[in-house]
Amino acid sequence: MPKFEKELPTVLTKEDINKLRDVIDISKTTGIRDRLIIEFLYSSGLRSSELVSLSELMINLREREVRVLGKGNKERRVPCPQWIMEGLKLIKKDGEGGYRSTRQVIDRGLRAMGYSKLHSLRHTYATRLYHNGLELDDVQTLLGHSSIATTQIYAKTKIVENVLDRLEVRKKVEKEG
C-alpha cells in the first residue's frame, strides 16, 4: 500500500481568532463563558474531550497551570494565563450552559468561517509554540502526544506573516497583567 502525505493542520490567523470572538454575544452570561473557553483553548491547546473532562479541582491557580487527563488517561500539566484560570473556576462543567454546549457554539462559529473543527485551535496553539522557538519535544509534552512523529507535523506548518510580532506583544501584556 503506498504511503500518502499527511494533510497539514489548519492554523487560524489572528483575524480568524478575532472573527470567532466576535461570533459570540458577550452580553449574555453564556456568551462570556463561551468567549472564555475560546481564549482557554487558544492559549492551552487542549483537545475538546479534555475540556469536557476538566474539573474545578484540576485548576491550580498558584502554579498557573491546569492538570489535564488526555488520551489513555495520561495526565499532563498545561500552563495557562491566570485570568483564564480564575474564569474557568466560575463556569459550570455540564448541564445548561456547560462545556458541551460551548463546544457546539464554537464549532458552529468555526464552520461558518470555513474551518471544519474545533481542533483548529489546538493546531494554532502548537504551530505558534513551535514557530516561536519552543523545541518540538516541549511542544510534544504540552500537547500530550505519545510520539514525537505526531508533533513533527507542526514543523512543516506555515505560520502567517507577522504572527511572531503579535506574540511578543501578547507576552508583554501577560507579564504586565
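Structural data are supplied above this passage.
Calculation notes
Residues numbered from 1 in each chain as written. Predicted model: local features only at pLDDT ≥ 70, side-chain atom pairs only at ≥ 80, totals over all residues. Heavy atoms only, no water. Helix = DSSP H or I, 4+ residues; strand = E, 2+ residues; numbered from the N terminus. Expected span 1.5 Å × (residues − 1). Buried < 20%, exposed > 50% of the residue type's maximum accessible area, 1.4 Å probe, protein only. Salt bridge = Lys/Arg side-chain N within 4 Å of Asp/Glu carboxyl O. Axes fitted to C-alpha atoms, helices over the stretch in contact; angles between N-to-C directions. Parallel < 35°, antiparallel > 145°, perpendicular 65-115°, else oblique. Left-handed = near helix turned anticlockwise from the far one by under 90°. Contact = heavy atoms within 4.5 Å. Nonpolar A, V, L, I, M, F, W, Y, C, P; charged D, E, K, R; others polar. Pairing = 2+ DSSP bridges. Polar contact = N/O pair within 3.5 Å; in protein donor to acceptor, adjacent residues only side chain to side chain.

S.K.: Explain helix α2 (residues 29–44) to me, using residue names and the numbers behind them.
M.R.: When the terminal C-alpha atoms of α2 are compared, their 22 Å separation across 16 residues agrees well with the 22 Å that a helix rising 1.5 Å per residue should span. Of all the 16 residues making up α2, 12 are buried; the element is thus mostly covered by neighbouring parts of the structure. All of the buried residues in α2 are Gly-31, Arg-33, Asp-34, Leu-36, Ile-37, Ile-38, Glu-39, Phe-40, Leu-41, Tyr-42, Ser-43 and Ser-44. Gly-45 sits one or two residues past α2 and shows a positive phi near 75°.

S.K.: Describe the pattern of salt bridges, naming the residues involved and giving the relevant values.
M.R.: Counting across every chain of the model gives seven salt bridges. Between Glu-50 and Arg-47 there is a salt bridge, with the nearest N and O atoms lying 2.5 Å from each other. No difference in accessibility class separates Glu-50 from Arg-47, as the two residues are buried. Linked through salt bridges whose partners overlap, the residues forming this network are Glu-65, Arg-67, Glu-75 and Arg-77.

S.K.: Tell me about the packing of helix α6 (residues 119–131) against helix α7 (residues 136–143), residues and numbers included.
M.R.: Running from N to C, α6 and α7 cross one another at 150°; their axes reach a closest spacing of 9 Å. As summarised for this structure, α6 and α7 are arranged roughly antiparallel, according to the angle between their axes. Helix-helix and strand crossings are classified by hand; for α6 and α7 the assignment is right-handed. Contact residues: α6 offers Arg-122, Tyr-125, Ala-126, Leu-129 and Tyr-130, while α7 offers Leu-136, Val-139, Leu-142 and Leu-143. For the contact of α6 with α7, a count of residues per class yields eight nonpolar, no polar and one charged.

S.K.: Outline the sheet that holds strand β3 (residues 75–79), listing residues and values.
M.R.: The strands that make up a sheet are held in pairs by hydrogen bonds between backbone atoms, and each pair lies either parallel or antiparallel. In spatial order, the strands read β1-β2-β3; together these three strands make up an open sheet with antiparallel pairing. Whereas interior strands pair on both sides, the edge strands pair on one side only; in this sheet they are β1 (59–60) and β3. Bridging between β1 and strand β2 (residues 65–69) involves two bridges; their strand directions are antiparallel. Bridged to Asn-60 within β2 is Glu-65.

S.K.: Go over the side chain of Ser-44, please, and point to the residues and values.
M.R.: Its location among the elements puts Ser-44 in helix α2. Within the local environment of Ser-44, its side chain forms a polar contact with the backbone oxygen of Phe-40, the two atoms lying 2.6 Å apart. Ignoring sequence-local partners within four residues, the contact set of Ser-44 consists of Val-78 and Tyr-125.

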